[in-house]
Amino acid sequence: MVDAQKVGIATLVLVGSVAGFTASGVLNAFSDGYFLGRARKKGVTYKTIAKRNAILGGAIGALGATMVLVGEQKKAEQVNGMRFRGY
């Protein structure tokens, strides 16, 4: 059974990857145009770049969230009197 903590972490992975990919794509396009002097291609706007990268982030985030939800939870062990997760 999936508990609330795993669902919360999976949600953070999904939302964080969407936001991160979207922001990084727009900033990369802006920096290429500003610092390298590249002319924008016809029909490619910051809005289309943001949409494309949001979709990419959603796909990668969905895979990451699935791995978090399906992954095995390691139980804490006692090592010399201290809790140890054994990563």
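So, how was this worked out
Residues numbered from 1 in each chain as written. Predicted model: local features only at pLDDT ≥ 70, side-chain atom pairs only at ≥ 80, totals over all residues. Heavy atoms only, no water. Helix = DSSP H or I, 4+ residues; strand = E, 2+ residues; numbered from the N terminus. Buried < 20%, exposed > 50% of the residue type's maximum accessible area, 1.4 Å probe, protein only. Contact = heavy atoms within 4.5 Å. Expected span 1.5 Å × (residues − 1). Patch = residues over 30% accessible without salt bridge, like charges linked within 9 Å, V, L, I, M, F, W, Y side chains within 5 Å. Areas by Shrake-Rupley, 256 points an atom, 1.4 Å probe, with all protein chains shown as cover. Salt bridge = Lys/Arg side-chain N within 4 Å of Asp/Glu carboxyl O. Axes fitted to C-alpha atoms, helices over the stretch in contact; angles between N-to-C directions. Parallel < 35°, antiparallel > 145°, perpendicular 65-115°, else oblique. Left-handed = near helix turned anticlockwise from the far one by under 90°. Nonpolar A, V, L, I, M, F, W, Y, C, P; charged D, E, K, R; others polar. pLDDT = per-residue confidence, 0-100.

Visitor: I keep staring at the overall build of the chain and nothing clicks. Help me out?
Guide: On a plain count of helices and strands, the chain comes out with two helices and two strands. Residues classed as buried in the chain amount to 13% of the 87 residues present. Partitioning the intrachain contacts of the chain with sequence separation of at least 6 by distance along the chain shows that 65% fall at a separation of at least 24.

Visitor: Looking at this model, I keep getting lost on the side chain of Asn-53. Mind explaining?
Guide: Here Asn-53 lies in helix H2 (residues 46-70). With a relative accessible area of 9%, Asn-53 lands in the buried category. The contact partners of Asn-53, leaving out residues within four places of it in the chain, are Phe-21, Thr-22, Gly-25 and Val-26.

Visitor: Honestly, helix H1 (residues 4-35) in this entry has me stumped. Any pointers?
Guide: Turn by turn, an α-helix covers 3.6 residues, leaving residues three or four places apart pointing in a common direction. Under the 1.5 Å per step criterion, the end-to-end length of H1 is 45 Å for 32 residues, consistent within 8% with the ideal 46 Å. Taken together, the buried positions of H1 are Lys-6, Ala-10, Ser-17 and Gly-25. Residues of H1 that are buried make contact with H2.

Visitor: I would appreciate a short explanation of the side chain of Ser-17 in the present structure.
Guide: Within the secondary structure, Ser-17 sits in helix H1. Look at Ser-17 and you get buried, because its relative accessible area is 13%. Ignoring anything within four residues of it in the chain, the contact list for Ser-17 reads Gly-57, Ile-60 and Gly-61.

Visitor: Looking at this structure, I do not really get a nonpolar patch on the surface. What am I missing?
Guide: Together, Phe-30, Tyr-34, Phe-35 and Tyr-46 line one region of the surface with nonpolar side chains, adding up to about 490 Å² of accessible area. Tallying contributions element by element places H1 first for the nonpolar patch, with three residues. Inspection of the secondary structure puts Phe-30 in helix H1. Exposure remark for Phe-30: the relative accessible area of 43% places this residue in the partly exposed category.

Visitor: Teacher, can you tell me more about the packing of H1 against H2 here?
Guide: Each packed pair of helices is defined by two parameters, the angle between the axes and the distance between the axes. The geometry of H1 relative to H2 is characterised by a closest axis approach of 7 Å and an angle of 155 degrees between their N-to-C directions. On the basis of the axis angle, H1 is roughly antiparallel to H2. The hand of the H1/H2 crossing is right-handed. Of the residues assigned to the contact of H1 with H2, the class counts are 20 nonpolar, eight polar and one charged.

Visitor: Could you clarify how one ought to interpret the confidence of the model for the chain in this entry?
Guide: For the chain, the mean per-residue pLDDT works out to 78, and 74% of the residues sit at or above 70. The least confident element of the chain is strand E1 (residues 77-79), whose mean pLDDT is 57; the most confident is H2, at 86.

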